[in-house]
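If you want the building blocks of each chain, they are given just below.
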Amino acid sequence: MKEQNYLDHLVGVFGQPVSENPGVVIQDAAFEAMGLERWHFLTLDVDKDKLEDAVRGLKAFKMRGINCTIPHKIAVMNYLDEISESAKLIGAVNMIVNENGHLFGENTDGKGFMMSLESNGICVEGKKAVIMGAGGAARAITVEMSLAGIADITIVNRTSDRALGDALVDILNKIGKTRVHYVDWNGTYSVPEDTDIVINATSVGLYPNVNDMPNIDLDSIKQSMFVQDVIPNPIQTAFIKEMRRRGIPCATGAGMLINQAALNIEMWTGRKPDKQIMLKALENALE
Ligand code: NDP
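Owing to the predicted nature of the structure, the values given are computational and were not obtained by experimental measurement.

Chemist: What am I meant to see in the state of the cysteines here?
Modeler: Working definition of a disulfide: a covalent bond connecting the sulfur atoms of two cysteines. With the rule as written, the count across this model stands at zero disulfides. You can see cysteine 250 has no disulfide; the closest cysteine sulfur is in cysteine 123, sitting 20 Å from it.

Following this line, the structure appears as structure tokens:
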């Protein structure tokens, strides 16, 4: 007789709003291709004041893990047993592994970004980067780049959120490996000529504002530079389309998203998923 085992293995995402989060599409495609037919990714709308209950539920259902997105990435740290060193520096957790009731928090956003750079042949050690934005994504990215030995980072952010930029400068100075500069972004920003990597870590260009582009002097971006966008939807932002038109080496935010999702799956299942299948699923969902 065939073995009867219908036990489900659950992972997912806590967020709000979360209904447009494409995580399920990518993760379920990976599970299917891996033959993990009883693994399921749940998209869960969790109120801000119900996060503790949700974490209790996660433990009660023996879920293997969870992703956290807006607005839970910081608050969830209160309910964890252990947090990785880089997630502590970033000050946010976007994925949790449940080891028999022991909750371990990690931040895979910046790690996914680094994997995307590496898959494009870019090593950050000794390089100079300009990053637009100083929010959650920028924090994760700059901390990972700094830990990996980048020489110089310029953070460009709007004057209105100067405090946010200053806080990020403090975090990076604490790591102590990178020269850090902060620029108030009022007007058109011109990228210094000796820059190696240019990053859009703002939400400019995100659906539905798909024609928006960062306020940057496009002529200051040279073919010697590498441009990385973080926007996952649409995959080809107006900014990336323009970079391609100008022959500037670049990568979309899909690489970061797929790589961080692949890392999550590996931490939950112990197996490496097929990233091409995951990318195809994302492209089909967003087309
Ligand atoms: P936050 O809200 O924390 O930060 C948003 C940042 O964008 C801030 O620095 C904000 O500047 C800046 N910004 C917003 N609008 C403008 C504008 N019109 N001009 C200039 N700057 C602007 O968001 P996150 O950092 O969490 O997310 C940023 C983007 O990264 C989102 O689009 C998100 O989808 C994407 N992301 C992608 C991931 C991936 O895997 N590909 C993973 C995580 C995020 P200010 O401080 O002045 O408000």
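Chemist: Explain the nonpolar core here, please?
Modeler: A general trend in soluble globular proteins is that nonpolar side chains are found buried together. Ile141, Met145, Ile155 and Ile199 are the most contacted members of the largest nonpolar core, which totals 32 residues. Counting residues per element, the ones that place at least two in this core are helix H4 (109-119), strand E7 (128-132), helix H5 (136-147), strand E8 (152-157), helix H6 (162-175), strand E9 (179-184) and strand E10 (197-200). Apart from residues no more than four positions distant in its own chain, isoleucine 141 is found in contact with Gly110, Phe113, Ile131, Ile199, Ala201, Val230 and Met256. One finds Ile26, Ile235, Leu257 and Ile258 within the second-largest nonpolar core, a separate group that totals 22 residues.

Chemist: I tried to follow helix H9 (residues 275-286) on my own but got confused; where do I start?
Modeler: Since one α-helical turn is 3.6 residues long, residues separated by three or four positions face the same way. Across its twelve residues, H9 extends 16 Å between first and last C-alpha, which sits within 8% of the 16 Å expected from 1.5 Å per residue. Buried residues of H9: Met278, Ala281 and Leu282, and no others. Axial view of H9: buried residues confined to an arc of 100°, hence all on one face. Its side-chain oxygen 2.9 Å from the backbone nitrogen of glutamine 276, aspartate 274 forms the N-cap of H9.

Chemist: Explanation requested: the pattern of salt bridges in the structure shown.
Modeler: In the structure shown here, the tally under the stated rule is 15 salt bridges. Glutamate 99 is the partner of arginine 64 in a salt bridge, and the nearest nitrogen-oxygen pair spans 3.4 Å. With a gap of 35 residues between them, arginine 64 in the loop between helix H2 (51-60) and strand E3 (65-68) and glutamate 99 in strand E5 (residues 95-99) connect regions that are remote in the sequence. On the basis of relative accessible area, glutamate 99 is assigned to the partly exposed category, the value being 44%. One network of salt bridges, with partners in common, ties together Asp219, Glu242, Arg245 and Arg246.

Chemist: Help me out: how do you make sense of the sheet that holds E10 in this one?
Modeler: Strand pairing in a sheet relies on backbone hydrogen bonds, with the paired strands running either antiparallel or parallel. Read from one edge of the open sheet, six strands run E9-E8-E7-E10-E11-E12, paired in parallel fashion. Two strands lie at the open edges of the sheet, namely E9 and strand E12 (250-251), each paired on one side alone. Both E7 and E10 contribute to a ladder of four bridges, which runs parallel. By the bridge assignment for E10, alanine 129 is matched with isoleucine 197. The strands that H5 touches are E7, E8 and E10; relative to E7, the one it contacts most, it runs at about 170°.

Chemist: Any chance you could explain the packing of helix H8 (residues 253-269) against H9 here in plain terms?
Modeler: Packed helices, taken two at a time, are described by the angle their axes make and the gap between the axes. As a packed pair, H8 and H9 sit with axes 10 Å apart at the nearest point and diverge in direction by 125°. Taken together, H8 and H9 sit at an angle that is classed as oblique. H8 and H9 meet at a crossing whose hand is right-handed. Of the residues in H9, those in contact with Ala254, Leu257, Ile258, Asn259, Ala261, Ala262 and Ile265 of H8 are Lys275, Met278, Leu279 and Leu282.

Chemist: Please clarify how the sheet that holds strand E4 (residues 82-83) should be interpreted in this entry.
Modeler: Taking strand neighbours across the sheet as the criterion, the six strands line up as E2-E1-E3-E5-E6-E4 in an open arrangement whose pairing is mixed. Because the sheet does not close on itself, it has two edges, and the strands there are strand E2 (39-45) and E4. Summarising the sheet, E5 and strand E6 (residues 102-106) pair through five bridges and their orientation is antiparallel. The residue of E6 that forms the bridge with glutamate 99 is histidine 102. Those strands touched by H2 are strand E1 (9-15), E3, E5 and E6, and its axis lies near 170° from that of E1.

Conventions we followed
Once a new chain begins, its residue numbering starts again from 1 and follows that chain's sequence as written. The predicted nature of this model means local features are confined to residues of pLDDT at least 70 and side-chain atom pairs, given and counted, to a pLDDT of 80 or more, with totals for whole chains, interfaces and linings taken over all residues. Where side-chain values are given, they derive from all heavy atoms of the structure, hydrogens and water being excluded. The definition used for a disulfide is geometric: two cysteine sulfur atoms within 2.5 Å. Think of a nonpolar core as a cluster: buried Ala, Val, Leu, Ile, Met, Phe, Trp, Tyr and Cys residues, connected wherever their side-chain atoms sit within 4.5 Å. Only protein chains enter the accessibility calculation, which uses a 1.4 Å probe; a residue is then buried when its area is under 20% of its type maximum, exposed when over 50%, and partly exposed in between. Helix and strand labels come from DSSP, where a helix needs a run of H or I of at least four residues and a strand needs a run of E of at least two; each type is numbered from the N terminus. Throughout, a contact is declared for two residues whenever any of their heavy atoms are within 4.5 Å. Given a helix with a known number of residues, its expected span is that number minus one, times 1.5 Å. This arc is taken over the directions from the axis of the helix to the C-beta atoms. In protein, a polar contact means a hydrogen-donor-capable atom and an acceptor-capable atom, both N or O and within 3.5 Å, with residues adjacent in sequence counting only if both atoms are side-chain atoms; elsewhere, any N or O pair within 3.5 Å suffices. In what follows, salt bridge is the name for a side-chain nitrogen of Lys or Arg lying within 4 Å of a carboxyl oxygen of Asp or Glu. At least two DSSP bridges between two strands are required for those strands to pair. What counts as an axis is a line fitted to C-alpha atoms, over the stretch in contact for a helix, and the angles between N-to-C directions run from 0 to 180 degrees. Here the word oblique covers every angle except those under 35 degrees (roughly parallel), over 145 (roughly antiparallel) and from 65 to 115 (roughly perpendicular). Should the near helix be turned counterclockwise from the far one by less than a right angle, the crossing is left-handed, whereas a clockwise turn marks it as right-handed.

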